[in-house]
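# An overview of the molecular structure
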Amino acid sequence: MADGEGEGRGAMGPLDIGRVMAALPHRYPMLLVDRVEECILDRSISAIKAVTINEQFFQGHFPGRPIMPGVLIVEAMAQAAGILAVESLGLAGSGKLVYFMAIDGAKFRKPVEPGVLLKLEVAFVQKRSSVCKFAGRATIDGQLAAEANFTAMIADPPK
């Protein structure tokens, strides 16, 4: 959402890992959001992924030159978007899941290495009751590491 569009219903944050886990069904090793710094309902979220050498993917990506896979950076942005959607739509604790539908314009600008705090900034582009569009950015110390636009569907879990 562009600056000035929509005021949101209010800000939440910071949210610790317990609150993150209450909003998302993901668990280790797929939980990629460690903390929410700020969540402005109906508008945007700013979250953190602490990237450590202990991550399972660093064992093979790449030995001797550990780099976080781009697909996992996009997944981290999507998980932040999931928290934003669940909180904004009042679905926390409902069991609803947020599924990827599309990823567009993904660009990777800077390698993400162990020892950094990856800041995940995601904003609504369009919000409906079951399908939402987002714009996401991942930064390290203010420098753009990755960006993507994505669409997600909110649905009941499979039976």
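## Some thoughts on the pattern of salt bridges
Following the criterion strictly, the structure yields 10 salt bridges and no others. Here K119 ties to E37 by a salt bridge, and the two come within 3.9 Å at their closest N and O atoms. Highlighted residues: K119 in strand β5 (residues 117-127) and E37 in strand β2 (residues 35-40), separated in sequence by 82 residues. Under the relative-accessibility criterion, E37 is labelled partly exposed at 32%. One salt-bridge network, in which partners are shared between bridges, spans R35, E37, K119, E121 and R137.

## Observations regarding the nonpolar core
Grouped together as the largest cluster of nonpolar side chains are 46 residues, with contacts concentrated most on V36, M68, M77, V112, L118, L120 and F134. Ranked by the residues each element gives to this core, the list is headed by helix α2 (residues 70-88), at 12 residues. Those residues in contact with V112 that lie beyond four places of it in its chain are V51, F58, P66, I67, M68, I73, L118, I140 and A145.

## Quick notes on the sheet that holds β5
Overall, antiparallel pairing links the 7 strands, which are arranged β1-β2-β3-β5-β6-β7-β4 in an open sheet. Each having just a single partner strand, β1 (11-12) and β4 (97-108) make up the two edges of the open sheet. Inspection of the sheet shows strand β3 (residues 44-50) paired to β5 by 7 bridges, in the antiparallel sense. If you follow I48 over to β5, its bridge partner there is K119. Its contacts with the sheet place α2 against β1, β2, β3, β4, β5, β6 (131-140) and β7 (143-155), and it is angled at close to 55 degrees to β5.

## What about the packing of aromatic side chains?
Enumeration according to the criterion identifies 4 aromatic pairs in this entry. Among the aromatic residues, ring-to-ring pairing joins F100, F124, F134 and F150 into one connected group. For the cation-ring pair, K127 lies above F124, with the distance from its terminal atom to the ring centre recorded as 5.9 Å.

## Quick word on the side chain of S46
Within the secondary structure, S46 sits in strand β3. A residue is classified by how much of its surface remains accessible, and S46, at 12% relative accessible area, is buried. Residues in contact with S46, not counting those within four places in the same chain, are V36, E37, E38, K119, L120 and E121.

## With respect to the environment of G18
Mapped onto the elements of the fold, G18 is located in helix α1 (residues 17-23). Judged by its relative accessible area of 43%, G18 is partly exposed. As for G18 and Q56, which are separated by 38 residues in sequence, their C-alpha atoms are 22 Å apart.

## Focus on the confidence of the model for the protein chain
Looking at the protein chain, pLDDT values average 92 and 94% of them are 70 or higher. Here residues 1-7 is modelled with pLDDT under 50, and outside its nearest four sequence neighbours on either side it reaches 12 contacts, counting other chains as well.

Definitions and cut-offs
- Residues numbered from 1 in each chain as written.
- Predicted model: local features only at pLDDT ≥ 70, side-chain atom pairs only at ≥ 80, totals over all residues.
- Heavy atoms only, no water.
- Salt bridge = Lys/Arg side-chain N within 4 Å of Asp/Glu carboxyl O.
- Helix = DSSP H or I, 4+ residues; strand = E, 2+ residues; numbered from the N terminus.
- Buried < 20%, exposed > 50% of the residue type's maximum accessible area, 1.4 Å probe, protein only.
- Core = buried A, V, L, I, M, F, W, Y, C linked by side-chain atoms within 4.5 Å.
- Contact = heavy atoms within 4.5 Å.
- Pairing = 2+ DSSP bridges.
- Axes fitted to C-alpha atoms, helices over the stretch in contact; angles between N-to-C directions.
- Phe/Tyr/Trp six-rings, centres within 6.5 Å; stacked < 30°, edge-to-face > 60°.
- Lys NZ or Arg CZ within 6 Å of the ring centre and 35° of its normal.
- pLDDT = per-residue confidence, 0-100.

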